[in-house]
Amino acid sequence: MLKPLGDRVVIETVETEEKTASGIVLPDTAKEKPQEGKVVAVGSGRVLDNGERVKVEVNVGDRIIFSKYAGTEVKYNGKEYLILRESDILAVVE
Amino acid sequence: MLKPLGDRVVIETVETEEKTASGIVLPDTAKEKPQEGKVVAVGSGRVLDNGERVKVEVNVGDRIIFSKYAGTEVKYNGKEYLILRESDILAVVE
Amino acid sequence: MLKPLGDRVVIETVETEEKTASGIVLPDTAKEKPQEGKVVAVGSGRVLDNGERVKVEVNVGDRIIFSKYAGTEVKYNGKEYLILRESDILAVVE
Amino acid sequence: MLKPLGDRVVIETVETEEKTASGIVLPDTAKEKPQEGKVVAVGSGRVLDNGERVKVEVNVGDRIIFSKYAGTEVKYNGKEYLILRESDILAVVE
Amino acid sequence: MLKPLGDRVVIETVETEEKTASGIVLPDTAKEKPQEGKVVAVGSGRVLDNGERVKVEVNVGDRIIFSKYAGTEVKYNGKEYLILRESDILAVVE
Amino acid sequence: MLKPLGDRVVIETVETEEKTASGIVLPDTAKEKPQEGKVVAVGSGRVLDNGERVKVEVNVGDRIIFSKYAGTEVKYNGKEYLILRESDILAVVE
Amino acid sequence: MLKPLGDRVVIETVETEEKTASGIVLPDTAKEKPQEGKVVAVGSGRVLDNGERVKVEVNVGDRIIFSKYAGTEVKYNGKEYLILRESDILAVVE
């Protein structure tokens, strides 16, 4: 398992079906990077200047929307993950 | 629903009717990006270095003016939203 | 009404009559942006790291001098305003 | 009167007679900007993160040396002033 | 032995067997820099503004994933190490 | 006298005799700026975020080594001085 | 003696014998700058925002590894030294 550090989270990206206006499914290279993901691991949070640790605002299983191009791609056990900082997460989809 | 993180807010942009001096309605590409929006969701606020969370100064339903080009466009349930940071909001229209 | 956020203020710019050395009144495009304004609305102030809010140092009705090119122009009810941060205000004219 | 905000001060610049090595007085455009001034107004000081305000280290009437090109020129009642931040002041001449 | 300062850690990089899609093992120069390492020494942690020292979140022996190109290569006793800051470590592999 | 503000110090630069390898004394323009000085005045120190003032670590009369090109040249009573920030001082020569 | 200020240290660089793969000793200009040094003097440490001084983590006599190109070269009593900030020191060799 991957245990992210600090205010980082590990996510699986969620590919949403993407068609052009004319209905043609685009091959991979023509699509923008995904903006949606599912949280699979959460770090212990960042440390404030008073020594307190701030819990990350998302939980394992949450579906999130994150900034395009944010994070670092990591391959683990043959599967691709993305490691983001909490600040790259825009919103949780409820 | 979209639940924004930290000091972020989700807004619907409000298009104001735009005419040139001569009264001609301009097509979309000639207009500047909108500067007005309606708040649809508000984050829990940012955390200060003393561990305190600062409530966002706007509420759901507020009409706001925000910096041009600020924020990230997000499509959710076929509708377009903009996710802004509180610092990108200039004023509330009362 | 416009209610500015944080340490922002809304001002009406004050145009000072501008003549060249030879006494010719210049058309609009040849003039520098105004440096003087009247405060019409004041935000609640910025929040310090100890959670305290610092009252903005100017009040509604104050005549102020501000950094050229600072702020964001906003049109509201057919009238032009400028939204500045307190730090863009140089002095109050008393 | 001009009342500067925060840690700003208003000064009158002091022109020191400037001659070239050969004793010729230079016309205005060939001289460097003045580095000396007299304080005519002092702001209330900057606010620290603990909410305390730090008194500006100079007083009205002080003769100061400041960084070349620092500050903003302001014309008030037909007279030119310079508004500086305290951090642009290098030393007081005693 | 190498004892890293502050929030730094010393790691041995772990080369993962790398093949192209066609199954050909690539020579060294064609591979990307490794992203995986084993922690061999840990610093005392960074000091917060309240004087507290924050323990580094990884331990000697941990397998970590770190940002590509992060850190400084150091040769010690004929062996290559990488000295990273804790903030360059993305996750621990458990 | 010059009284520097905050964490600034006023120094007299100390010219060290400079010869090229071949023993020729170089004219002024070919020499690097001096790196050594004698402290002639010390500011009251910078203010921390807790309101405390930190005494400058050097004293009047100290011989110091400072970063090349640091500081601002000031002419006072026909003599040249350099005003440095404490952070530009590398070491005291004892 | 040189007494460094704040979180600075004075070091003597340690030249490690450098040969190319073919065993040829390279002349000085072809070598990289040294990465190893011996601490000869240590400053009093940096001051935190709470007024506390943080002791530098290295001691006189320590052998250290530091970032290439970091620090300022200083000549004192005919000998070359390097003045580094503590943050440029990567590790102590024990």
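Residues numbered from 1 in each chain as written. Chains lettered and ligands numbered in written order. Predicted model: local features only at pLDDT ≥ 70, side-chain atom pairs only at ≥ 80, totals over all residues. Heavy atoms only, no water.

Short version of the rule: UniProt positions are given in the numbering used here, feature names are shortened, and annotations may be inferred rather than shown by experiment.
The name given to chain A in an unreviewed UniProt entry is Co-chaperonin GroES, and the organism recorded there is Caldibacillus debilis GB1. Regarding chain A, the relevant UniProt record gives this comment under Subunit (unreviewed entry): "Heptamer of 7 subunits arranged in a ring. Interacts with the chaperonin GroEL." Quoted straight from UniProt, the Subcellular location (unreviewed entry) entry for chain A says "Cytoplasm".

### Quick word on the overall build of chain A
Applicable threshold: Every helix listed is a DSSP run of H or I at least four residues long, and every strand listed is a run of E at least two residues long, numbered separately from the N terminus. When a residue's accessible area, from a 1.4 Å probe over protein chains only, is under 20% of the maximum for its type it is buried; when over 50% it is exposed; and in between it is partly exposed. Contacts are residue-level and defined by heavy atoms, with any inter-residue pair within 4.5 Å sufficient. Computed with the Shrake-Rupley method and a 1.4 Å probe, the accessible areas treat only the protein chains shown as cover for residues.
Looking only at helices and strands, one finds zero helices and nine strands in chain A. Its helices and strands taken in sequence order, chain A reads β-β-β-β-β-β-β-β-β from the N to the C terminus. Here chain A holds 94 residues, and the buried ones make up 44% of them. Long-range contacts, defined as pairs at least 24 residues apart, comprise 61% of the intrachain contacts of chain A with a sequence gap of at least 6. For chain A, the exposed area adds up to about 5000 Å²; of that, 48% sits on carbon and sulfur atoms.

### Re the relation of the copies chain A and chain E
Where we set the bar: Least-squares superposition of the copies uses the C-alpha atoms of those residues scoring a pLDDT of at least 70 in each of them.
Mapping chain A onto chain E is achieved by rotating through 52 degrees and translating by 0.0 Å along the same axis, at an RMSD of 0.0 Å. Interface residue correspondence from chain A to chain E reaches only 16%, placing this contact among heterologous pairings that use different surfaces.

### Examining the sheet that holds strand 7 (residues 72-76) of chain G
As a general point, the strands of a sheet are linked pairwise by backbone hydrogen bonds and lie either parallel or antiparallel. Keep this limit in mind: The criterion for strand pairing is that DSSP finds at least two bridges linking the strands in question. Fitted lines through C-alpha atoms serve as axes, helices being fitted only where they are in contact, and the angles separating the N-to-C directions of these axes extend from 0 to 180 degrees.
Taken in spatial order, the seven strands of this open sheet run 1(E)-9(G)-6(G)-3(G)-2(G)-8(G)-7(G), and their pairing is antiparallel. The sheet is open, and its two edges are formed by strand 1 (2-4) of chain E together with strand 7 of chain G, each paired on a single side. Strand after strand, the sheet turns through a mean of 40 degrees between neighbouring axes, direction not considered. The pairing of strand 6 (residues 63-66) of chain G with strand 9 (residues 89-93) of chain G spans four bridges and is classified as antiparallel. Paired with G:F66 across the strands is G:I89, a residue of strand 9 of chain G.

### A look at the interface of chain D and chain C
The cut-off we apply is this: Put simply, buried area is the surface a 1.4 Å probe can reach on two separate parts but cannot reach once they are joined, added for both. Take a side-chain nitrogen of Lys or Arg and a carboxyl oxygen of Asp or Glu: if they are within 4 Å of each other, that pair is a salt bridge. Two N or O atoms form a polar contact when they lie within 3.5 Å of each other; inside protein one atom must be a possible hydrogen donor and the other a possible acceptor, and for residues adjacent in sequence the pair counts only when both atoms belong to side chains. Throughout, the ten residues Ala, Val, Leu, Ile, Met, Phe, Trp, Tyr, Cys and Pro are labelled nonpolar, Asp, Glu, Lys and Arg are labelled charged, and all others, Gly among them, are labelled polar.
Each partner contributes to the interface: chain D provides 19 residues, whereas chain C provides 18 residues. Roughly 1600 Å² is buried in total at the junction of chain D and chain C, and carbon and sulfur atoms are behind 52% of that figure. Sorting the residues of chain D by area buried against chain C places D:K3, D:L5 and D:D49 first, and these three jointly supply 37% of that buried surface. Linking chain D with chain C are one salt bridge, by the criterion used here. In this structure, the salt-bridge partner of D:R53 is C:E57, at a minimum N-O distance of 3.6 Å. Summed over the shared surface of chain D and chain C, the result is eight residue pairs in polar contact (both at pLDDT 80 or more). Breaking the side of chain D that touches chain C down by element, the ones donating at least two residues are strand 1 (2-4) and strand 7 (72-76) of chain D. Looking at the side of chain D that touches chain C, the element that brings in the most residues is strand 7 of chain D, giving four residues. Here the side of chain D that touches chain C is built from residues that sort into nine nonpolar, five polar and five charged. Across three bridges, the pairing between strand 9 (residues 89-93) of chain C and strand 1 of chain D is antiparallel. In the sheet register, C:V93 faces strand 1 of chain D, and the bridge partner there is D:L2.

### Concerning the interface of chain A and chain E
Every contact between the two is made by 19 residues of chain A and, on the other side, 18 residues of chain E. Across the chain A/chain E interface, buried area totals approximately 1600 Å², and carbon plus sulfur atoms make up 52% of it. On the chain A side of the interface with chain E, the three residues burying the most area are A:K3, A:L5 and A:D49, jointly 36% of the side's total. Taken together, the connections running from chain A to chain E amount to one salt bridge. On inspection of chain A and its partner chain E, the count reaches eight residue pairs in polar contact (both at pLDDT 80 or more). Elements with a contribution of two residues or more to the side of chain A that touches chain E: strand 1 (2-4) and strand 7 (72-76) of chain A. By residue number, the principal contributor to the side of chain A that touches chain E is strand 7 of chain A, which donates four residues. Residues of the side of chain A that touches chain E, tallied by class, amount to nine nonpolar, five polar and five charged.

### Comments concerning the sheet that holds strand 2 (residues 8-13) of chain E
Judged by pairing direction, the sheet is antiparallel, and its seven strands sit side by side in the order 1(A)-9(E)-6(E)-3(E)-2(E)-8(E)-7(E) without closing on themselves. Of all strands in the sheet, those bounded by a partner on one side alone are strand 1 of chain A together with strand 7 (72-76) of chain E. Adjacent strand axes in the sheet meet at a mean angle of 40 degrees when their direction is disregarded. As judged from the five bridges shared by strand 7 of chain E and strand 8 (residues 79-85) of chain E, these two strands associate in the antiparallel manner. In the strand pairing of strand 8 of chain E, E:Y76 is matched with E:K79.

### Description of the confidence of the model for chain A
We count it as follows: Per-residue confidence from the predictor is given as pLDDT, running between 0 and 100.
Summary statistics for chain A give a mean pLDDT of 85 and a share of 80% for residues scoring 70 or more. For chain A, per-element mean pLDDT is lowest for strand 7 of chain A, which scores 89, and highest for strand 3 (residues 36-42) of chain A, which scores 97.

### Structural notes on the environment of A:A70
All names here are of chain A. Its place among the elements puts A70 in the loop between strand 6 (63-66) and strand 7. Since its relative accessible area comes to 13%, A70 is described here as buried. Taking the C-alpha atoms as reference, A70 lies 8.9 Å from I89; in sequence the two are 19 residues apart. What A70 contacts, discounting residues up to four positions off in sequence, is L82, L84 and D88.

### Topic: unusual backbone geometry
Positive phi values are uncommon outside glycine, yet A:N77 reaches one of about 55 degrees. In this structure, A:N77 sits in the loop between strand 7 and strand 8 (79-85). The exposure class assigned to A:N77 is exposed, which follows from its relative accessible area of 73%. Positioned with a positive phi, D:Y69 is a non-glycine residue whose angle comes to about 70 degrees. Along the polypeptide, D:Y69 turns up in the loop between strand 6 (63-66) and strand 7.

### Considerations on the pattern of salt bridges
Residue and element names in this part refer to chain A. Applying the stated criterion to the full structure yields 28 salt bridges over all chains. Between R85 and D7 there is a salt bridge, and its shortest N-O distance comes to 3.3 Å. Taken as a pair, R85 in strand 8 and D7 in the loop between strand 1 and strand 2 (8-13) lie far apart in primary sequence, 78 residues in all.

### So, the environment of F:L48
Its location among the elements puts F:L48 in the loop between strand 4 (46-47) and strand 5 (53-54). On the basis of relative accessibility, which here comes to 0%, the residue F:L48 falls in the buried class. Once residues within four sequence positions are removed from consideration, F:L48 is found in contact with D:L48, F:V54, G:V47, G:L48, G:D49 and G:G51.

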